[in-house]
Amino acid sequence: MAKPSRSHDNPQPPQWADRFLEWYCADELLPEIQGDLHEAFLDRLEDQGLLMARLLFIKEVLLFFRPSSFERSRQNKNMSGMMGLSKNVLKVTLRNFTRNSRFNLINGFGLILGLTCSLLILLWVHFERSVDNFHPESEQIYRAYFNGVSEAGEVTFTQGASPFALYTLLHDFDGVSNAVVYASEERLINYGEVTYRSEGAMASSSLFEVFDFPMLIGNVDNAISNHQTIFVSQTLAQKLLGDKWADQAVGTTIRIDDGDDLTIAGVFAEIPGNSSLQFDFVINIEMIAEQRPEWAQHWGYKGSTVFAKINQSVDPKSIEDLINPIYEKSAGYGVGGDEVMFFPFAKNYLWTQFEQGVASGGRIQYVRIFSGAALFLILIACINFINLSTAQSARRAKEVAIRKTAGADRITLIFQFLFETGLLVFAALVISLLLTFLLLPELGHLTGAEIAFPATDPIFWLAILALGITLTCVAGFYPAFVLAKYLPSKVLKGTAISSSTNPLLRKALVVFQFTLSAILIISTITVQNQLNLIQFENLGLDRSNVLLIDMPEPVRQQFPVLRDKLLQNSGISAVLRCSDPPTNVDWINVGYDWEGRPEDQSNYFYMLNTEAQFKDVFGIKMTEGRFFDDRIPTDTAGLVMNETALAQMGLENPIGKLMTEPGKEKRVFRILGIMEDFNFKSLHQDIEPLIIKYVPHRTSDILIKTAPGETLAAIAQLTKSWREIYPDLPLDYEFLDDSYKALYEREMIVGKLAYIFACIAILISCLGLFGLISFVALQKTKEIGIRKVLGASVRSIIGLLSRDFIKLITISVLIAAPLSYILMAQWLRNFAFSAGVQWWVYVLAGVIAICLALVTISVESLKAAMASPVDSLNSD
Amino acid sequence: MVPERLGNLEETILLIVMIEDDAYGVSVAKAYDARIGKSISIPAVHTVLKRLEKKGLLTSSMGEATAERGGRGKRIFEATRYGYNVISEIRKQRIRLWEMIPQLNLKNG
């Protein structure tokens, strides 16, 4: 840029700014802009000096950096350069979307469905896995279990109930930094006018030290010395004391079960939804220990849960080994067989089933099943996406060839395809996220978990981004690279492209996709079968028309008053007490002795206390002997057992034989009768040995049998009578049937969800099939036209189009059958009573898959077959 | 006639173009500086000139190059007939408004 009139010592504007201007500024705008800036620079040089002039020059160059300076006049626009390219990419993308809007809609819709479902499932899975993991050093917290060990050294059962004595022992144990004893309680809490039935706990105050349940007001340490204290949750404090709870709570005395008066020592924050321990109040359990020292020291009274925080450097096994001899010595009854086992607390929520002392299952199975389902759904949706994208891209071979001829390089073309795919993927992701957000409360409702949308979690967004990019690459990669490779000369001559880009790959993907769908269908039918079995299985126990009431303390003391009052009502036919609902007996006792018991034999029994009417109310059948009779007072020293118990004891001629209860008192019971087996646990388990005793005063539930067809009247009468006797006590009843179903809540939810997911999976697969067949039909338009001209029938053309697909789907079903059999057999192992996997399920699933595919295919193929050959052959 | 909506700066620059001979970016900026007493950046002037041209109030043509500009041409702006119409319409409107201010009329008339 030599300027003759200016010598080199004349000041110049900064060169880089000038160059920058020349770079961005459109050629035809450059003279006026650059000229003006240079002229202004010289003017300012005189007025304001070199520095200001330069600074202003730079400032104005930067101010000119805006789209209006980049503009070219129309005739000068060309395809080269960055701006031209990306504009073109965008334009081609939009044109392609509008031209193939149907393909893209199907594609996007399938992807949105799959993504939304998977996101929902994964959020739930994440929630389940997060339960109990929020406590500090949660990996050091263990829960004590007791393994029942047979003489042969085999673990026969594992139970989570521990005695208070274990807590006392652990508290000062070497290697154990802290211990907690915990027992769930339901109590009536009364303050002034208000009474609430609350779910709470009896626990040692170390509960607040080991676990992260922050105290809002009050101090745990102060409360330890005084045992007559209670901690309440914020919600309960608000309910009892109103808005001023924060000022009033500490020091206020509240009444429990119309008995003890306890002083509030602290208010703790709401227990988070992802804690397996849920309670609204905590009563200091040391109070009970002081009042009943015999209970607190006895190793046989297992009614609480014990947690231990074990130092990181210490192996919990070594503590087990130290405790077991102490336990055996202290237990008091000669039969050993129980061994302590520490299980990590953080895993306890997901692992609740034990086989031979090793965690074998629990919620983890559902977490796994659903993680699998989420994976399936995302795979199916992705395969759809890949299939449709590749199928469709073959149609664009000509476009690619022409662009190549015009000078586009491979990178440009690859970018074009990736961009298109990415746009679709991310649009689908955004919509899915929105749907997930909207549907999350619904999922929470269904599963009973409060799952929050992790909007603030950076890892969540990173994962979403990674998913989007992966999907874009996987789905866009194939068309991008394959198409960009074509030789334009061949394509334009029409020789290079066969009817599809890679039929083998696409066929394999279709098979894979339908295999997954078929597995889901088979699994769903099997799960439904099993659920039906559970719901309608005859347990050997007539559980219809029975109401269940948890017995509060005031009622326990004067039960006959309530019973007599209730029995005056026509709708109520029987009232009796039980220690557990007979659909879920939970109390195990070990160490019974009897005449002729082999020295090395130790048995465990489930125990139930009840009254004489039990047999009639539940329709229990006796195989030998008799049930209790309320007219024979000595029957309280008798017992009745089921056939399983008798078989396990190996006793002959049992009636009249004597059994000695474990414990210091060595009470003796006479065997009165043997019952037919009935199921008193969930169907997950085999029928267990059961002993029923006639001990009406040691019970906690009231069962009310209503007259057939008068259930509603009976409930009204029950409510009325209850109000008359206990105007202040809330009445909570449920149907025994419902409480039974609650045992299978998880399975019911799984059943429902499995059903939904299977439907969605098959829907997505069919969408994909629909897209593929319409693509094939389109490609074969000319072939079909020529065939029709030569006299082919509509039927033969439909056959031509669908034959391949039907073959593929049949193959899929054949592959899916054994796979789903393995999966389902494993799931069914959780049930002692299983419906099994029936052969007709496979046939049904196959028929469903093929029928749905046929319907999907026939719509498109019929259209293609019916089209007039004149139109199809006329097209060019 | 509904006058074209003009901003204050647009109006001022339009007037300056009408006053100056062979108005172009730098000359307009200088005139603005001299007559209004405030400085204005070259990009701002360009923007306004372009906008006025788009509205049809100005036309432009490439003028000759000068030495100060390193031999680069300048874009010369000229008001159109429509531009003159608009500016006189604005003037009339303003005068009508001024006449309605009692204090001003008392003092001056």
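Our subject is the structure that appears above.
Every value quoted in this text rests on a predicted model; they were computed, and no experiment measured them. (Residues numbered from 1 in each chain as written. Chains lettered and ligands numbered in written order. Predicted model: local features only at pLDDT ≥ 70, side-chain atom pairs only at ≥ 80, totals over all residues.)

1. Looking at the overall build of chain B
1) Next: For chain B, the helix and strand inventory stands at five helices and two strands.
2) Next: Overall, chain B shows an N-to-C arrangement of helices and strands of α-α-α-β-β-α-α.
3) Next: The burial tally for chain B puts 28% of its 109 residues in the buried class.
4) Next: The long-range fraction of contacts in chain B, counting pairs at least 24 apart against all pairs at least 6 apart in sequence, stands at 47%. (Helix = DSSP H or I, 4+ residues; strand = E, 2+ residues; numbered from the N terminus. Buried ≥ 20, exposed ≤ 12 C-beta atoms within 10 Å, placed from the backbone. Contact = placed C-beta atoms within 7 Å.)

2. Quick word on the overall build of chain A
1) Next: Looking only at helices and strands, chain A features 32 helices and 26 strands.
2) Next: Put simply, 81% of the contacts in chain A that link residues at least 6 apart link residues at least 24 apart.

3. Focus: the interface of chain A and chain B
1) Next: The partner chain B presents 16 residues to the 18 residues of chain A that form the contact.
2) Next: Broken down by secondary-structure element, the contributors of at least two residues to the side of chain A that touches chain B are helix 2 (30–48) and helix 3 (50–63) of chain A.
3) Next: For the side of chain A that touches chain B, the element with the most residues is helix 2 of chain A, which contributes 11 residues.
4) Next: Among the residues forming the side of chain A that touches chain B, the class breakdown is eight nonpolar, five polar and five charged. (Nonpolar A, V, L, I, M, F, W, Y, C, P; charged D, E, K, R; others polar.)

4. Quick look at the sheet that holds strand 25 (residues 701–706) of chain A
Residues and elements named next belong to chain A.
1) Next: Strand order across the open sheet formed by four strands is 16-25-15-26, with antiparallel pairing between neighbours. Each of the sheet's edge strands pairs with one partner strand only, and the pair in question is strand 16 (572–578) and strand 26 (733–735). When the angles between neighbouring strand axes are averaged without regard to direction, this sheet yields 25°.
2) Next: Note: strand 15 (residues 546–550) against strand 26, three bridges, orientation antiparallel. Across the sheet, the residue bridging to L547 is F735, located in strand 26.
3) Next: Together, strand 16 and strand 25 form the strand contacts of helix 23 (residues 559–567), whose direction differs from that of strand 16 by roughly 160°. (Pairing = 2+ DSSP bridges. Axes fitted to C-alpha atoms, helices over the stretch in contact; angles between N-to-C directions.)

5. Let's talk about the packing of helix 30 (residues 794–828) of chain A against helix 31 (residues 839–866) of chain A
Residue and element names in this part refer to chain A.
1) Next: Closest axis-to-axis distance for the helix 30/helix 31 pair is 9 Å, and the angle between their directions is 155°. Comparing the axis directions of helix 30 and helix 31 gives the class roughly antiparallel. Relative to helix 31, the crossing made by helix 30 is right-handed.
2) Next: Considering only residue class, the contact of helix 30 with helix 31 consists of 20 nonpolar, five polar and no charged. (Parallel < 35°, antiparallel > 145°, perpendicular 65-115°, else oblique. Left-handed = near helix turned anticlockwise from the far one by under 90°.)

6. Focus: the pairing of strand 21 (residues 638–642) of chain A
All names here are of chain A.
1) Next: Here strand 21 lies mainly inside the structure; five of its five residues are buried.
2) Next: The two faces of strand 21 match: G638, V640 and N642 on one face and L639 and M641 on the other face are all buried.
3) Next: Alignment of strand 21 against strand 23 (residues 668–675), held across five bridges, turns out to be parallel. Opposite N642, over in strand 23, you have M675 as the bridge partner.
4) Next: Bridge count for strand 21 against strand 24 (residues 690–693) is three bridges, and the pairing is antiparallel. Considered in strand 24, the bridge of M641 is made with I691.

7. Quick word on helix 29 (residues 781–789) of chain A
One turn of the α-helix equals 3.6 residues, which is why residues spaced by three or four share an orientation.
1) Next: The complete set of buried residues in helix 29 of chain A reads I784, G785 and K788 of chain A. Within helix 29 of chain A, the buried residues cover an arc of 100° as seen down the axis, which keeps them to one side. (Arc of directions from axis to C-beta.)

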